[in-house]
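Architecture at a glance
The lines below spell out each chain.
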Amino acid sequence: MKKLRVALLGCGNVGSQVARILLDDAGELTTRVGAELELAGIAVRNTAAPRDVELPAALFTTDAEALIDDADIVIELMGGLEPAATLIRRAIDGGATVVTGNKALLAKDLPGLSARAGEAGVQLSYEAAVAGAIPILRPIRDSLAGDRITKVMGIVNGTTNYILDAMDTTGAQFDDALARAQELGYAEADPTADIEGHDAAAKAAILATLSFHAPFDLDDVHCEGITAVTADDVAAAREQGMVIKLLAIAERLGDGNGSEGVGVRVHPTLIPRVHPLAAVHGAFNAVFVEADNAGELMFYGQGAGGKPTASAVVGDVVSAARRVVLGGPGRTESTTGTVKALPIEAVSTSYSIGLRVNDKTGVLAKIATIFTDRGVSIESMRQIPEPVDGDDPGSATLRFVTHQGSEAALAATVADIEALKVVTAVTSVLRVEGN
Ligand code: NAP
């Protein structure tokens with residue numbers, strides 16, 4: 001039987017689980033592939049470091065290049081831009097099939113790497129790069145290849161979902177929920193990439209590229225994290241029958257000149273509690289897809305963690321290995337579309353705006369005039385007349401939810417309202433989806 005040599009680059013959270021599956025399930029994988037998958041070696045920085053899984057010491061090396069040059073399939077699970085990018089290019093140019101989970105690298109240059117793989121006639125697979133174990137990229141790329149996707153909206157970062165869910169279910173402040181997430185291992189010691197939305201933005205760029213068949217990168221993604229979300233925002237959302245989630249959204253939009261563009265954004269978002277994404281709790285992920293013919297689809301599961309992510313990686317390995325056995329060129333992405341990224345100002349959305357105002361006659365009329373002048377229509381308004389705190393007896397809280405309007409008009413409305421003397425504070429501005 002044919003033997004395929006597999007080089008594994010990286011043996012951390014995910015790599016160690018991939019090595020375990022390749023070794024423990026070798027017999028079954030051989031049957032599925034029609035060839036033996038031989039783990040030829042594992043490249044790491046420190047060959048003596050302890051690993052999550054017991055693995056033969058002889059497999060470890062620091063010479064990634066030698067390993068790649070002798071491999072049929074290269075699995076890159078080191079992370080980061082370099083040396084991962086150089087090593088992946090080396091593998092492609094040498095004719096190896098490549099599997100990676102490196103969202104940071106793909107968000108920077110998915111079209112470039114994909115084109116290079118196409119020219120070399122090899123396959124580049126990366127299901128693990130978005131939403132861990134959840135099969136989402138292959139369904140978008142293959143199952144929906146005959147449809148026209150109009151919108152993709154997902155919870156693609158488990159850390160922020162854990163934090164926001166904890167704030168919603170326990171009433172915790174952001175800092176306390178983050179500290180708990182760190183204690184439980186859901187958040188890194190330096191949580192910046194998660195809580196500032198950068199990780200979700202990388203995934204949004206990849207989802208947009210595959211969904212709209214055109215190249216999008218990190219610079220095309222409008223990104224806001226969750227650090228400004230307060231326990232009051234979460235409580236107010238609850239009163240409104242909504243919940244706050246960090247969503248990655250990519251959607252087709254008119255560009256105002258008769259053409260079509262794509263808005264790609266990541267920000268904390270209010271969604272109704274009856275929306276399917278509202279039922280995604282803890283560190284779970286889910287992606288909601290809307291397509292012309294398929295209608296609405298939802299994909300749900302574990303978005304991170306060594307074992308779940310390794311499942312997606314090994315799935316890619318088996319699928320790519322079958323192609324190597326059968327022969328023929330690797331599947332490439334269709335990123336030749338011309339649809340362009342639009343700035344956030346072009347996006348159409350609705351806002352929930354919280355204000356603290358002087359509780360006087362005429363205040364509401366002044367605010368309503370601003371909405372009218374800016375062409376933004378109000379869907380609902382709620383006034384909470386009680387004093388907000390003891391030393392501020394003449395205040396009231398107003399909460400508006402608008403109908404859909406252009407982001408530019410909504411932002412201008414908020415700026416005008418903020419400038420009113422009777423408005424003492426704009427306490428929150430959150431975009432609303434799915435209402
Ligand atoms: P990790 O735990 O930090 O492991 C990284 C591994 O790469 C380590 O074994 C490290 O070697 C090795 N490495 C790093 N730089 C290297 C270099 N210059 N030369 C040789 N080896 C090097 O990372 P991870 O969490 O497994 O993530 C791996 C990839 O999967 C990343 O791209 C990540 O974004 C992606 N991913 C991870 C998850 C998840 O849940 N963790 C989910 C989805 C996607 P040493 O051990 O010797 O230091």
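Summarised in this report is the structure supplied together with it. Within each chain, residue numbers correspond to sequence positions counted from 1 in written order. Side-chain atom pairs in this predicted model are given and counted only at pLDDT of 80 or more, local residue features only at pLDDT of at least 70, and totals for whole chains, interfaces and linings cover all residues. Note: side-chain values were computed over all heavy atoms of the structure, leaving out hydrogens and water.

**Some remarks on the packing of helix H5 (residues 103–120) against helix H10 (residues 198–212)**
Helix packing geometry: the angle between the two helix axes and the distance between the axes. As a reminder, the rule being used: Axis lines are fitted through C-alpha atoms, for helices just across the contact stretch, and the angle between N-to-C directions can take any value from 0 to 180 degrees. Each helix corresponds to a stretch of at least 4 residues labelled H or I by DSSP, and each strand to a stretch of at least 2 residues labelled E; elements are numbered beginning at the N terminus. For classification, angles of less than 35 degrees are called roughly parallel, those exceeding 145 degrees roughly antiparallel, those between 65 and 115 degrees roughly perpendicular, and all remaining angles oblique. Whether a crossing is left-handed or right-handed is set by the direction in which the near helix is turned from the far one by less than a right angle, anticlockwise for left-handed and clockwise for right-handed. Whether two residues are in contact is decided by their heavy atoms, any of which lying within 4.5 Å being enough.
Where H5 meets H10, the closest approach of the two axes is 9 Å, and the angle between their N-to-C directions is 45°. Here H10 runs oblique to H5, going by the angle between their axes. H5 and H10 meet at a crossing whose hand is left-handed. Residues Lys103, Leu106, Ala107 and Leu110 of H5 touch H10, and the partners they reach there are Asp199, Ala202, Lys203, Ala205, Ile206, Thr209 and Leu210.

**What about the nonpolar core?**
What counts, and what does not: Only buried residues count toward a nonpolar core, which is a set of Ala, Val, Leu, Ile, Met, Phe, Trp, Tyr and Cys residues joined through side-chain atoms within 4.5 Å. Summary of the burial criterion: residues with accessible area below 20% of their type's maximum are buried, those above 50% are exposed, and those between are partly exposed, where the area comes from a 1.4 Å probe applied to protein chains only.
Membership of the largest hydrophobic core comes to 82 residues, with the highest contact counts inside it found for Tyr126, Ile136 and Ile163. Looking at this core, the element that brings in the most residues is H10, giving 10 residues. If sequence neighbours within four positions are ignored, isoleucine 163 has contacts with Phe174, Ala177, Leu178, Ala181, Ile195 and Ile226. Ala19, Val33, Ala128 and Ala321 belong to the second-largest nonpolar core, a separate cluster that totals 32 residues.

**Description of the packing of helix H2 (residues 26–33) against helix H12 (residues 306–326)**
For the pair H2 and H12, interaxial distance at closest approach is 9 Å and the crossing angle is 45°. Our classification of the angle between H2 and H12 gives oblique. Relative to H12, the crossing made by H2 is right-handed. Along the contact surface, H2 presents Leu29, Arg32 and Val33, while H12 presents Val314, Val318, Ala321, Arg322 and Val325.

**Some words on the sheet that holds strand S5 (residues 97–100)**
The criterion, for reference: Strands pair, by our definition, only if DSSP identifies at least two bridges between them.
Pairing is parallel across the open sheet formed by 6 strands, whose spatial order is S3-S2-S1-S4-S5-S6. The open sheet is flanked by strand S3 (60–61) and strand S6 (124–125), the only strands paired with a single partner. The pairing of strand S1 (residues 3–9) with strand S4 (residues 73–76) spans 4 bridges and is parallel. Within the sheet, the bridge partner assigned to valine 6 lies in S4 and is isoleucine 73.

**Regarding unusual backbone geometry**
In this structure, proline 83 follows glutamate 82 across a cis peptide bond, with omega equal to 5°. By the element assignment, proline 83 lies in the loop between S4 and helix H4 (84–93). Positive phi, normally seen in glycine, also occurs at alanine 131, with a value near 60°. Turning to its location among the elements, alanine 131 is positioned in the loop between S6 and helix H6 (137–143).

**A short note on the layout of surface pockets**
Put simply, the test is: Of the grid points, spaced at 1 Å and generated over the protein atoms alone, those admitting a 1.4 Å probe that cannot get out make up cavities, while open sets with protein on both sides within 12 Å along at least five of seven lines make up pockets; any residue with an atom within 4 Å of a point is treated as lining. Grid points are joined across faces, edges and corners, and a volume is the space filled by probe spheres set on the points. Either an automatic procedure or a domain database provided the assignment from which the domain bounds are taken.
Its boundaries defined by the atoms lining it, the second largest pocket holds a volume of some 270 Å³. At the level of elements, helix H11 (231–239), strand S14 (348–358), strand S16 (395–402) and strand S18 (423–432) are the ones that each hand at least two residues to the lining of the second largest pocket. Broken down by element, the residue count for the lining of the second largest pocket peaks at 5 residues, all from H11. Taken together, domain 2 (137–303) and domain 3 (347–432) each give at least three residues to the lining of the second largest pocket, which thus spans both.

**Focus: the environment of isoleucine 42**
Relative to the elements of secondary structure, isoleucine 42 occurs in strand S2 (residues 36–43). For the pair isoleucine 42 and leucine 9, spaced 33 residues apart in the sequence, the C-alpha separation amounts to 5.7 Å. Setting aside residues no more than four positions away along its own chain, isoleucine 42 makes contact with Leu8, Gly10, Cys11, Ala19, Leu55, Leu59, Phe60, Thr61 and Leu67.

**Some thoughts on helix H7 (residues 158–170)**
In plain terms, the rule: Multiplying one less than the number of residues by 1.5 Å gives the expected span of a helix. Definition of a polar contact: a pair of N or O atoms within 3.5 Å, with one able to donate and the other able to accept a hydrogen when the atoms are protein atoms, and with sequence-neighbouring residues admitted only if both atoms are side-chain atoms.
An ideal rise of 1.5 Å per residue puts 18 Å on 13 residues; H7 measures up with 18 Å between its terminal C-alpha atoms. The buried fraction of H7 is high, at 11 of 13 residues. Three or more residues of H7 are buried, namely Gly158, Thr159, Thr160, Asn161, Tyr162, Ile163, Leu164, Asp165, Ala166, Met167 and Asp168. Packed against the buried residues of H7 are strand S7 (149–155), helix H8 (174–183), helix H9 (192–195), H11, strand S9 (242–254) and strand S11 (284–291). For H7, the capping residue at the N-terminal end is asparagine 157, with a side-chain oxygen 3.3 Å from the backbone nitrogen of threonine 159. Positive phi shows up at glycine 171, right after H7, with a value of about 80°.

**Examining the pattern of salt bridges**
For side chains bearing opposite charge, pairing can occur when the charged atoms are close. Worth spelling out the cut-off: The working definition used for a salt bridge is a side-chain nitrogen of Lys or Arg within 4 Å of a carboxyl oxygen of Asp or Glu.
Tallying each qualifying case throughout the model produces 24 salt bridges. For glutamate 38, the salt bridge identified is with arginine 5, shortest N-O distance 3.4 Å. One end of the pair, glutamate 38, is in strand S2; the other, arginine 5, is in strand S1, with 33 residues separating them in the sequence. Exposure remark for arginine 5: the relative accessible area of 26% places this residue in the partly exposed category.

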